[in-house]
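Listed below, chain by chain, are the residues.
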Amino acid sequence: MPDALLEVCDLSVSFRTENGVVRAVDGLSLSLALGEVVGIVGESGSGKTVSMMAVMGLIRDPNAVIEGQVLLRGRDLMQLPRNEMRLVRGGEIAMIFQDPMTALTPVYTVGWQIAEQLRAHQAMTRKQARARVAELLAEVGISNPGRRLDDYPHQFSGGMRQRVMIAMALSCNPSILIADEPTTALDVTIQAQILELMKRLQRDHGSSILLITHDMGVVSDLAERVAVMYAGSVVEEGSKADVFRDPQHPYTWGLLGSIPRVGRPRVRRLAAIPGLPPSLIDPPEGCRFAPRCPHRFDRCSVRPELAPRVSANRLDACHLDPAIRPSLRHRSVA
Amino acid sequence: MLRFLGRRLVAMVFVLFSISVLSFLIFFATPGVDPASRIAGRNADQATLRAVRKDFGLDRPLPVQYGLMMKKLFITRDLTSFVNRGAKVIPQVTEAAPVTLSLVLGAAVIWVVFSIGMGLVAAVFRGTPVDAAVMIVGLIGISMPVFWLGEVVNLLTQSRFHDTFLFSWVPPLGYTPFTQSPFGWFKSLIFPWLTLSVLYIGIYARVLRSALVDAQEEDYVRTARAKGLTERRVMLRHALRTSLVAFVSLFGLDFGALVGGGALLTEVVFGLHGVGKLTFDSLQNLDLPVILATVMYAAFFIVLANALVDLVYALLDPRVRHA
Amino acid sequence: MSETLLEARDLVKHFPVRRSKDMVHAVDGVSLEVHRGETLGIVGESGCGKSTLGRLLVRLHDPTSGTVRFRGDDITKLSRRELRPYRREMQMIFQDPYASLNPRKRVGQIVSDPFQIHRAGSREETRRRVQELLEVVGLSPHHVNRYPHEFSGGQRQRIGVARALALSPQLIVADEPVSALDVSIQAQVINLLDDLQDDFQLTYVFIAHDLGVVHHVSDRIAVMYLGVVVEIGPSDPLFLHPIHPYTEALLSAIPPIEADDEARRERIVLRGEVPSPIDPPSGCRFHPRCRYATEICSVEEPVLADHGGGRFAACHHPLDAKGA
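The structure presented is a predicted model; accordingly, all values stated were derived computationally and were not measured.

### Some words on the overall build of chain B
- Helix and strand counts for chain B stand at 14 helices and zero strands.
- When the helices and strands of chain B are listed from N to C terminus, the series reads α-α-α-α-α-α-α-α-α-α-α-α-α-α.
- Here the C-alpha coordinates of chain B stretch approximately 85 × 60 × 35 Å along the principal axes.
- Scored against the burial criterion, the 323 residues of chain B give a buried share of 45%.
- In chain B, of all internal contacts separated by at least 6 residues, the share reaching a separation of at least 24 is 69%.
- With the model as given, the accessible surface of chain B reaches about 16200 Å², and the carbon-plus-sulfur share is 68%.
- Of the charged side chains in chain B, 29 are positive and 20 negative; the average position of the first set lies 6 Å away from that of the second.

### Observations regarding the sheet that holds strand 2 (residues 23-35) of chain C
Residues and elements named next belong to chain C.
- Reading across the sheet, the four strands line up as 2-1-4-5 and stay open at both edges, with antiparallel pairing between neighbours. Edge positions in the open sheet fall to strand 2 and strand 5 (73-74), since each of these has one partner strand only.
- Here strand 1 (residues 4-16) runs beside strand 2; their pairing, made up of 10 bridges, is antiparallel. Counterpart to Leu-6 in the pairing with strand 2 is Val-34.
- Its contacts with the sheet put helix 1 (residues 50-57) on strand 1, strand 2 and strand 4 (65-70), and the angle it makes with strand 1 is roughly 125°.

### Points about helix 1 (residues 2-28) of chain B
- If you check helix 1 of chain B, its first and last C-alpha atoms are 39 Å apart, about what 27 residues at 1.5 Å a residue would give, namely 39 Å.
- Buried within helix 1 of chain B are the following residues: Met-12, Leu-16, Ser-20, Ser-23, Phe-24, Phe-27 and Phe-28 of chain B.

### So, the packing of helix 5 (residues 89-124) of chain B against helix 8 (residues 182-216) of chain B
Residue and element names in this part refer to chain B.
- Contact geometry for helix 5 and helix 8: axes closest at 5 Å, N-to-C directions at 35°. Taken as a pair, helix 5 and helix 8 cross one another with a handedness that is right-handed.
- Here the contact of helix 5 with helix 8 is composed, by residue class, of 23 nonpolar, six polar and one charged.

### Some thoughts on a positive patch on the surface
- Together, Arg-3 and Arg-7 of chain B together with Arg-18 and Arg-19 of chain C line one region of the surface with positive charge.
- Relative to the assigned elements, Arg-3 of chain B resides in helix 1.

### Overview of the nonpolar core
- The biggest cluster of nonpolar side chains holds 102 residues, and the ones touching the most others in it are Leu-6, Met-52, Ile-93, Met-95, Ile-166, Ile-178 and Leu-210 of chain A.
- For this core, the leading source of residues is helix 6 (residues 158-170) of chain A, giving seven residues.
- Sequence-distant contacts of Ile-93 of chain A, that is, excluding residues within four places in its chain, are made with Leu-6, Val-55, Met-56, Leu-72, Leu-77, Val-88, Pro-174, Ile-176 and Ile-178 of chain A.
- Counting 80 residues, the second largest nonpolar core, distinct from the first, contains Leu-73, Phe-82, Ile-90 and Phe-270 of chain B.

### Section: the sheet that holds strand 2 (residues 20-33) of chain A
Residue and element names in this part refer to chain A.
- Taken in spatial order, the four strands line up as 2-1-4-5 in an open sheet, and their pairing is antiparallel. Looking along the sheet, the strands with just one partner apiece sit at the ends: strand 2 and strand 5 (75-76).
- Where helix 1 (residues 48-55) meets the sheet, its contacts fall on strand 1 (4-17), strand 2 and strand 4 (64-72), and the angle it forms with strand 1 comes to roughly 110°.

### Points about the interface of chain C and chain A
- Of the residues lining the interface, 48 residues belong to chain C; the matching set on chain A comes to 46 residues.
- For the pairing of chain C and chain A, the buried interface totals around 4100 Å² over both sides, and the portion due to carbon and sulfur atoms is 54%.
- For the chain C face of the interface with chain A, the top three residues by lost area are His-216, Ile-257 and Glu-258 of chain C, together amounting to 16%.
- Seen at the junction of chain C and chain A, the total is three salt bridges.
- Linking Arg-267 of chain C and Glu-196 of chain A is a salt bridge whose minimum nitrogen-to-oxygen distance equals 2.7 Å.
- For the interface between chain C and chain A, the tally reads 14 residue pairs in polar contact (both at pLDDT 80 or more).
- Breaking the side of chain C that touches chain A down by element, the ones donating at least two residues are helix 6 (183-200), helix 7 (211-217), helix 8 (235-240) and helix 9 (245-253) of chain C.
- By residue number, the principal contributor to the side of chain C that touches chain A is helix 6 of chain C, which donates 11 residues.
- The residue inventory of the side of chain C that touches chain A, partitioned by class, reads 20 nonpolar, 13 polar and 15 charged.

Calculation criteria
Residues numbered from 1 in each chain as written. Chains lettered and ligands numbered in written order. Predicted model: local features only at pLDDT ≥ 70, side-chain atom pairs only at ≥ 80, totals over all residues. Heavy atoms only, no water. Helix = DSSP H or I, 4+ residues; strand = E, 2+ residues; numbered from the N terminus. Buried < 20%, exposed > 50% of the residue type's maximum accessible area, 1.4 Å probe, protein only. Contact = heavy atoms within 4.5 Å. Areas by Shrake-Rupley, 256 points an atom, 1.4 Å probe, with all protein chains shown as cover. Lys, Arg positive; Asp, Glu negative; His and termini not counted. Charge placed at Lys NZ, Arg CZ, Asp CG, Glu CD. Pairing = 2+ DSSP bridges. Axes fitted to C-alpha atoms, helices over the stretch in contact; angles between N-to-C directions. Expected span 1.5 Å × (residues − 1). Left-handed = near helix turned anticlockwise from the far one by under 90°. Nonpolar A, V, L, I, M, F, W, Y, C, P; charged D, E, K, R; others polar. Patch = residues over 30% accessible without salt bridge, like charges linked within 9 Å, V, L, I, M, F, W, Y side chains within 5 Å. Salt bridge = Lys/Arg side-chain N within 4 Å of Asp/Glu carboxyl O. Core = buried A, V, L, I, M, F, W, Y, C linked by side-chain atoms within 4.5 Å. Buried area = accessible area lost by both parts, 1.4 Å probe. Polar contact = N/O pair within 3.5 Å; in protein donor to acceptor, adjacent residues only side chain to side chain.

See below:
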């Protein structure tokens, strides 16, 4: 693995609530190399968004307890003073969010909002900022940027607002872009436009992207490496080709089997995963997936570590003997 | 924007017209209310009543009476009181209006400044003892009736501690016009201002705090933080700005109502002869022309305040402007 | 071909725009048939009118013009009273399992409400039936006394399904029934709907924006764009060899999953966005974004033409569907 730009080590985020401690992220480890695109897939409640909010230092709940390390070029962001962390946000790590309709402040023009970020990180006059904003808007494919920058968010469609968000995120040339479900709220034809845009920008800028999504297709399209999250931690990680063609963890098998595929003739039945994701307040001991896993056996009462079991770059957290996995998988994946 | 203003103006005129008709009908056409007997006195005979009716035009048909009334109120401006014969109504209102305006404007400045400050502090320190303390202070303010608080203030500043260095500068109760002595004006009003604003500071701080707390959960505030803005900027430019909408609409209503005479208790307690006092007195005497004049005055300010609120909305929120 | 259960003819629904004379052309002349026992999928992007069409089909909206026939009876003009017996036969399942269940009612009440409304069965019968229904949709019968908020999204959707099934309807219109759910839960609910269809001989109209889901559940699919059906036909041929350029673009826009080599085709990225339904484009509504558009497309509105094999498409330049 090349030198890591960002390294998340054993990150845990828990929230104290009336009903008990919710362990939203539970020992997440992940790394991102320079120029790499890593996709984090998982269902709601798997902790993918919360963990990235923790990386960004955006969890402000006084009842939250965050543990672990987040190393950006070797510097632990968790130990950073507030003011330095502020400069990391938007400067070195930028983030775009799921719902472009609500992610921009409704009362300011989009140009003002992008310029605000520029001027928070760089010494710039208003005029310089304005010129730069127009460049950025043009780069993300907004026509007539010189005029459009004086428009308010509600004057843009959802797809266009997401372009504005992307322009804003890229404004300070961040080394890492965290994209949290960037296309989930968009229609499929608009999603295609945004995915093309993100690919082009990634090529041009060479930025590293952490892509959070539940959509296997979107991950497939953008990411090089994929991490599958379940109940607060990564259960499987590897190159895109490996994870999708040769998935190792029974949860991934179930997930892939649950998705109705376009472009294949219809299957009779989807291979749904039985049961519900576990409660994060009182998670099952041992493997978190065991209660829903058709292949569980006695060793599953011990929590498996994320480790290379198949090859050096293939991590998984499953006790099943790698040799017997393929035959089990064929029974679960349609 | 111009069309927006035009629409508002037409609506305002229409509302004022309706209010004038309505209050005219209530006071002059309600069965059992005979203005003539009011004017003529308790034991007037039929001949006197007839004379009075003729004199005041009360024997004419209602629409004509209404027209006469409006003409006297707005055009010739010589409407006279029924009770103090010969006393003109308009000067009474124009004398009282500056008192009330001074009182309410000053109080409004204080309550806006303090409530924004308290709301911000409480929201920033949400869930901490600071938040609780600020909110309790606000609640105490809400719970103190103005007449009681006013009397306590008077007791302290006018008698108990009047001779100490603390309050020796406090002038006796009453109003000093700004044109006469700006500093005297300020001195005569500072305690009325504080007294009147205490209630509103409490209410507005709570309203703003909850709006700010909601705003903190908004996606765009999260975006603002993710942009790397300072916490101060996030709060003031993003959370506060969008939270002001609820604040402004409440303010418009309260301000209009107070200017229209709602500050009666404060006026009475501090011996200020404002519109509230005038309305109250005229109601006591059932002095119909004065009542009508003050009602119209109040309606004007309430409607104006509402129009201003809409305007401020449009300034605060571009979505309203473009709708 | 089996019997026609539901038939829509030239359905139009226009909504007035507030404070203006404009109209939103939500549904603008849709004709289709739903056969007994089949699942008809309706796909399209947001604003294409698919939800409005769904509501028109069960008369939750009154159409501006056009007719809906259920088993041959015109239900468009019926009064509320006259409509009642039909309501029992046509049920709807909604997208948001959080918003479509009354939070103050217990599950038992929610599922038994239809019996009360239609005065069907004694109290004892109703109770037994509710327990049966809960079991059928995979919930435990002793869940009757719980409130909706005590359930997960998938379970709530099961409650919605149980309520819809209560009066043994013939037709269920499901509007985005699984789009609020996670994939693994989504698969459970889809499988449930599938089983119920077999067990109770149900007919579904399945409205969704997720093409994969619609493809999986539907026997036939109607593709909508800006208030009209641009293509309709059996699922597999329609998805494998689309005739209408919009269908083609829609399908190519779905990012394929790594392992799906057979799905890897050229991605057609459509220009621009869906135009406003207030003032839809002249001629073919898709022409401003269509890469095959010629002059005729902006002038003449294409009609749904028969392309054989039960396939219809409204296009002046239909794609070659020989592979079908």
